[in-house]
Amino acid sequence: MSDNLRPPTAGARPPVRAARPDDVDRAVTTLRLAFAEYPFTRYTIQADGYPDRLAQSQRLLLERVGLPHGRVWVSEDVSAVAVWTTPRSTGPMTEAATALGPELARLAGDRAAQAAAAEDALAPHRPAEPTWFLGTVGVRPAAQGRGLGRAVLAPGLQAAAAEGVVAYLETSLPDNVRFYARLGFEVTAQVPLPAGPTTWAMIRPPGAGRPV
């Protein structure tokens, strides 16, 4: 899922780099702050202890999926983070996700059934072909509006285009739909979750031809 991302102000693109294991603590803090009021995580994670549950779930994504099996990019100060899985990581990522199932269900708490329902509702709309899948992207609220979201997304989008495969994401904020459309994404499904937020599935074709 994707955090609320503001359009960047004019200027040079901020530098980004591949994340390192010693970035994890700061990256978790960034994602916890970015997703504090995000509709999808509020829907799928228990309200009691939500900030800590959210932080733990993002740590699992970083440490058990993104860093070992996918690609993670951060801004220099780790105030922006993007986590992708790639076509090459599909098998290991699937195994990791299966192994993480009980831990994620524990963190979801009394929202576990809703989390499972959301997964069931979205799964049919995910690409079957090789895909760069945006697992999460977030920018600390105090750092938004400086182009950091676009900057940390750029390497993944460029890699997907270079490999000739689609990039895919899901977002639960209308403002994000407009942000991603400017990056060449197209809405492929609008999914109202059971008693929850509407979530949009979006694909960026490899030949989108728009600047990143």
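An account of the accompanying structure is given in this report. Since we're looking at a predicted model, the values are computed, not measured. (Residues numbered from 1 in each chain as written. Predicted model: local features only at pLDDT ≥ 70, side-chain atom pairs only at ≥ 80, totals over all residues. Heavy atoms only, no water.)

What to know about the pairing of strand β5 (residues 166-171)
Next up, step 1: Counting buried residues in β5 gives 6 out of 6 residues, a clear majority hidden from the surface.
Next up, step 2: Burial along β5 is two-sided: the face carrying Val-166, Tyr-168 and Glu-170 and the face carrying Ala-167, Leu-169 and Thr-171 are both buried.
Next up, step 3: Taken together, the 3 bridges between strand β4 (residues 131-139) and β5 define a ladder with parallel strand orientation. Counterpart to Thr-131 in the pairing with β5 is Val-166.
Next up, step 4: Note on the crossover from β4 through helix α6 (residues 148-163) to β5: the handedness is right-handed.
Next up, step 5: Sheet topology places β5 next to strand β7 (residues 198-204); 5 bridges connect them, and they run antiparallel. By the bridge assignment, Tyr-168 is partnered in β7 with Ile-203. (Buried < 20%, exposed > 50% of the residue type's maximum accessible area, 1.4 Å probe, protein only. Helix = DSSP H or I, 4+ residues; strand = E, 2+ residues; numbered from the N terminus. Pairing = 2+ DSSP bridges. Right-handed = clockwise from strand over helix to strand, strands pointing away.)

Observations regarding helix α7 (residues 174-181)
Since there are 3.6 residues in each turn of an α-helix, residues three or four apart along the chain are aligned in direction.
Next up, step 1: For α7, the set of buried residues is Asn-176, Val-177, Phe-179 and Tyr-180. Down the axis of α7, the smallest arc covering the buried residues is 165°, so these residues share one side. (Arc of directions from axis to C-beta.)

Side note on the environment of Ser-75
Next up, step 1: If you trace the backbone, Ser-75 turns up in strand β2 (residues 71-75).
Next up, step 2: In this structure the C-alpha to C-alpha distance between Ser-75 and Pro-15, which are 60 residues apart in sequence, comes to 6.3 Å.
Next up, step 3: Dropping the residues within four chain positions of it, Ser-75 is found in contact with Pro-15, Val-16, Arg-17, Ala-80, Leu-148 and Val-152.
Next up, step 4: A polar contact is formed between the side chain of Ser-75 and the side chain of Asp-77, at a distance of 2.9 Å. (Contact = heavy atoms within 4.5 Å. Polar contact = N/O pair within 3.5 Å; in protein donor to acceptor, adjacent residues only side chain to side chain.)

Examining unusual backbone geometry
Next up, step 1: Positive phi is not limited to glycine here, since Val-78 has a value of about 60°.
Next up, step 2: Mapped onto the elements, Val-78 comes out in the loop between β2 and β3 (80-85).
Next up, step 3: The phi torsion at Ala-195 lies on the positive side, around 55°, for a residue other than glycine.
Next up, step 4: Residue position: Ala-195 is located in the loop between β6 (186-192) and β7.
Next up, step 5: The exposure class of Ala-195 is exposed, given its relative accessible area of 84%.

In short, shape yes, function no, at least from these values alone.
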